[in-house]
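Analysis of the macromolecular model
Here is what each chain is made of, one letter per residue.
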Amino acid sequence: RISSRAVSYLWDQRMDRDTGKIGKVQVRFLHALCWLALVSDGSAGDPRYRDRIEKVIAGLRQPIAELADKGGADSKIFVGTSRETLAFETHAMVALAYEQLAAFDLGNPEQNELFARGAESAIAYTLDFRKRGRNYDHAGGWPVNAAPYNLNRPDRRCTVWQLLLMKTHLYAGGKVDSTAMEEGPNFVFAAQRVAPELTDALREAEKTYKEWVPRIRRGEPVTERVRDRLNDFYEYRRQLEDAGGFGLDTLGIITPGATAIGLYTMGLFRFEDSERYRAAAQAYVRMPLAWDAQRFFMTQFFATRGLQMYSERFRALDFHTYMNRLLTLMEQKQDADGSFPLGSYGVEELNEMERVYTTAMCVLIVNANRGNLIFDRPAY
């Protein structure tokens, strides 16, 4: 119900019937989002949308039109719609739409081949900007955009979009860079907080804590040695509370967005350390579910898919329990016209795309376990 109302808002109300245009900014990115949303909902074959799908396809085809005349020549093309804070994110999303179009019955095999080549060209472009290396604290992933000042600053949010694109290409029968598929995930995994080892010194600090907390409450003065042990124990307990979660980097605080990205990447690449994997899932489900949190929709896109893969692997109920919470929130937030209000405060480019972006992302979120999209189909 949530999904069908949202798809109707996008394709019946917001998309221009004559031109197929949707939104005022980042139109190609929004076309890609709306196309993927339509497929994920299972409505891509609806005859009502045939004409508009053709117009959306024409818009998505524009960046790669030149490939049609190049035969087998190699090329590297940026297909995104922004070179600022969403550069490689929009690039990956459009390329994901190409992968889905290549697998769709377009009625013309040459069109399918063109979109398949477009995805390959987009991946080739992306690979030129990865910071190579095995120092996973600072290398292995992709920057926000291609600006010179960003080339040495890989970003885990941007990295996961590129990894998703390359995995999708692999699922569709394409070839990918094996080194990038090793170093990229490890760059993400490096940001996980691991539970500290309980050393003899920490055991002594815990004894001191249990002994001295009642005495401190009675007003007894504390020696410097006792204070140091108490601080050691407090830091140990803080690290335990953070254990399993992910940060945007290896030092900053853990966040729901970073943890969702980490959990999803663990599932996508069949992370072998089951204890760390479980800790990531437990850390995420403990976090608050706040609609106005920054990048709320991106977080839920990866969180639902990450929890789905985790729950299937370990035969757990985490995905279903979490989706009950999330769907309840969405039912409360969805307006009568089927759209969803803004969240993700502080991300100007997302806010400019307003309800087209939020509504399309919500369709992708609620259909995470339906398997209609290439990247949502089980690969093992």
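The coordinates are above.
What counts and how
Residues numbered from 1 in each chain as written. Predicted model: local features only at pLDDT ≥ 70, side-chain atom pairs only at ≥ 80, totals over all residues. Heavy atoms only, no water. 1 Å grid on protein atoms, 1.4 Å probe; cavity = no way out; pocket = protein on both sides within 12 Å on 5 of 7 lines; lining within 4 Å. Points joined across faces, edges and corners; volume = space filled by probe spheres on them. Helix = DSSP H or I, 4+ residues; strand = E, 2+ residues; numbered from the N terminus. Expected span 1.5 Å × (residues − 1). Buried < 20%, exposed > 50% of the residue type's maximum accessible area, 1.4 Å probe, protein only. Polar contact = N/O pair within 3.5 Å; in protein donor to acceptor, adjacent residues only side chain to side chain. Salt bridge = Lys/Arg side-chain N within 4 Å of Asp/Glu carboxyl O.

The next thing to look at is empty space enclosed by the protein. This structure, assessed with the given rule, holds one cavity of 30 Å³ or more. Of the volumes computed, that of the largest cavity is approximately 40 Å³. Of all elements in the fold, only α6 (156-171) and α10 (256-268) reach the threshold of two or more residues within the lining of the largest cavity. Counting residues per element, the lining of the largest cavity draws most heavily on α10, at three residues.

When the terminal C-alpha atoms of α6 are compared, their 22 Å separation across 16 residues agrees well with the 22 Å that a helix rising 1.5 Å per residue should span. Most of α6 sits inside the fold, with 14 of its 16 residues counted as buried. Of the residues that open α6, the one with a side-chain oxygen 2.9 Å from the backbone nitrogen of Arg157 is Asp155. Just downstream of α6, Gly173 is the residue with a positive phi angle, here 95°.

Charged atoms that come close allow side chains of opposite charge to pair. By the definition in use, this model includes 19 salt bridges. Across the pair Glu182 and Arg134 runs a salt bridge whose closest N-O atoms are separated by 2.7 Å. Taken together, the residues Glu182 in helix α7 (residues 178-189) and Arg134 in the loop between α5 (109-127) and α6 connect sequence positions 48 residues apart. Connected via shared salt-bridge partners are Asp12, Asp46, Arg48 and Arg52.

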